[in-house]
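Read off the chains here:
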Amino acid sequence: MIFVNGAPFDAHSSSSSSSTSSQVIELGTSAYEQGSATLRALMKDPALVSASNSFKDRPMRKFKIPVIPEESGPGTSAKTKWVYLFQREYATVDPALVDFVGTDEATTCVGVAITNRRNRLTSVAHMDSPDIVNMGLNQMLSSFTDCCSNDDLDVHIIGGFEDFLPNHDNESSSSESEANLDGYSFPLCSTIVETLKTREEKFHLQTLCVLTHNTRRDFEGNAYPIFNGLVVETSTGSVFPASFDTTSRCPDEIVRRIRVTASFEDHEWDHKLLETYNTQTDRFVIAPCRWTPRQAVIARSLTHLSESEVLQICSTSPAAEAPDFVENERRKWDYLIQHPDWRSTFPREQPRVFERTADGGWKRC
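Since the structure is predicted, the reported quantities are computational estimates derived from the model, not experimental observations.

K.L.:
Where do I start with the nonpolar core in this structure?
P.N.:
Across soluble globular proteins, you tend to see nonpolar side chains buried next to one another. Counting 52 residues, the largest nonpolar core has V83, Y277 and W291 as its most contacted members. Not counting residues up to four positions away in its chain, the partners in contact with Y277 are V83, A91, T92, V93, V98, D282, R283, F284, V285 and W362. Grouped together as the second largest cluster of nonpolar side chains are 37 residues, Y90, I157, L196 and F203 included.

Structural data, given as structure tokens:
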């Protein structure tokens, strides 16, 4: 169940919902349409519009090694402890052990942050597909260990942008083929809010900075996301725009990037978020993920592509990617070519474990 400003959200009675949206919900013609109508109503809610504007006014937290987030104020030291998430990963952190948890590199992807008001545990996920939303939320919420349906959960949803065709009218979308014209961000956001709405937990939606609220346009009308990342300050539950440089996207950067791609061929990860972090021990535990020699063959063929070809083939939003996107793809391919057998990365099928160092970084166990 979704709450806004402490009250259950009802798209029927919301002054922000259009007559078309209300009709779609009443008819219940499809889960996609219901989610679309709920999302549109939430996007127009005055409290959430104000929250999006407030989020956009917050200073960007920029992480680098040594990890001292810029604009973070006095008292931040090089021993700041953080957990970074790549695409399709999630982690639940204890504020007694971790200062920040966040992600970036999101264009059509969406960051979801959930904080349990009672025990202050915070779970963050970098969601990239509607297919992983239901199971992914199950994973996030189950990691609260003693969470129950009576707990109040603060939720922040940030990311995605208007990547659909500009002349497409979302209100008239009524078939699966038409829904595909909504791009990648809209179906993902719709699925997230509809799943939250239909669950029994009490989700207090604090921020919904997605789609039009997270879109900027250049002089030619091309759309880009305003923000590509978020971070939660665990001591306060506050959420900020965030960016991480290559050195702070750790530990085990390349292997974790490869797991995202390899997980599509590894059926053990179907419809799941990738596990990364142990909440109780404050360790990264990178569970094994299998890739086939075919991945190395594909990697060799991709190394010959130009930068523009890499963007077109490997990105859902080629014009909106960060400057280091192509370089990161090429580093993944180099690793796969050098390690075509996944067992050389995960000997005896054991996870790769990293523990926290005294300065807040990570070392391989």
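The discussion continues.
K.L.:
Looking at this structure, how should I read the pairing of strand 9 (residues 152–159)?
P.N.:
Each regular strand carries side chains that alternate between the two faces of the sheet. For strand 9, the tally of buried residues reaches 7 of 8 residues, placing the bulk of the element in the interior. Of the strand pairs in this sheet, strand 7 (residues 110–116) and strand 9 are connected by 7 bridges, and their pairing is antiparallel. Each bridged residue has a counterpart across the sheet, and for G111 the counterpart in strand 9 is I158. Pairing of strand 9 with strand 10 (residues 202–210) involves 8 bridges; the strand directions are parallel. Paired with D152 across the two strands is K202, which belongs to strand 10.

K.L.:
Which parts of the structure should I look at to understand the sheet that holds strand 4 (residues 82–85)?
P.N.:
What holds strands together in a sheet is hydrogen bonding between their backbones, with the strands either parallel or antiparallel. Here we have 5 strands laid out as an open sheet, ordered 3-14-13-6-4, and mixed in their pairing. Of all strands in the sheet, those with a lone pairing partner are strand 3 (61–63) and strand 4, marking the two edges. Averaged over all pairs of adjacent strands, the angle between strand axes in this sheet comes to 30 degrees, irrespective of strand direction. Both strand 13 (residues 230–233) and strand 14 (residues 238–244) contribute to a ladder of 4 bridges, which runs antiparallel. Counterpart to V232 in the pairing with strand 14 is V239.

K.L.:
Would you mind going over the packing of aromatic side chains with me for this structure?
P.N.:
The relation between two aromatic rings is expressed through the spacing of the ring centres and the mutual angle of the planes. A complete count under the given rule lists 8 aromatic pairs for this structure. With a centroid separation of 4.9 Å and an interplanar angle of 90 degrees, the aromatic rings of F284 and W362 are classed as edge-to-face. Taken together, the residues F284 in strand 17 (residues 283–286) and W362 in strand 19 (residues 362–364) connect sequence positions 78 residues apart. The same class applies to F284 as to W362, namely buried. Centre to centre, the rings of W291 and F346 are 6.4 Å apart; their planes meet at 65 degrees, and the pair counts as edge-to-face. With W291 in the loop between strand 17 and helix 8 (293–302) and F346 in the loop between helix 10 (325–338) and strand 18 (352–356), this residue pair connects regions lying 55 residues apart in the sequence. The class for W291 is buried, based on a relative accessible area of 2%. Taking the relative accessible area as the measure of exposure, F346 reaches 0% and is therefore buried. Three or more aromatic residues joined by ring pairs form one cluster here, namely F63, Y84, F86, F100 and F244. The aromatic ring of F240 is capped on one face by R61, whose charged end is 3.9 Å from the ring centroid. Against the face of W269 rests R259, its NZ or CZ located 5.7 Å from the ring centre.

About the cut-offs
- Residues numbered from 1 in each chain as written.
- Predicted model: local features only at pLDDT ≥ 70, side-chain atom pairs only at ≥ 80, totals over all residues.
- Heavy atoms only, no water.
- Core = buried A, V, L, I, M, F, W, Y, C linked by side-chain atoms within 4.5 Å.
- Buried < 20%, exposed > 50% of the residue type's maximum accessible area, 1.4 Å probe, protein only.
- Contact = heavy atoms within 4.5 Å.
- Helix = DSSP H or I, 4+ residues; strand = E, 2+ residues; numbered from the N terminus.
- Pairing = 2+ DSSP bridges.
- Axes fitted to C-alpha atoms, helices over the stretch in contact; angles between N-to-C directions.
- Phe/Tyr/Trp six-rings, centres within 6.5 Å; stacked < 30°, edge-to-face > 60°.
- Lys NZ or Arg CZ within 6 Å of the ring centre and 35° of its normal.

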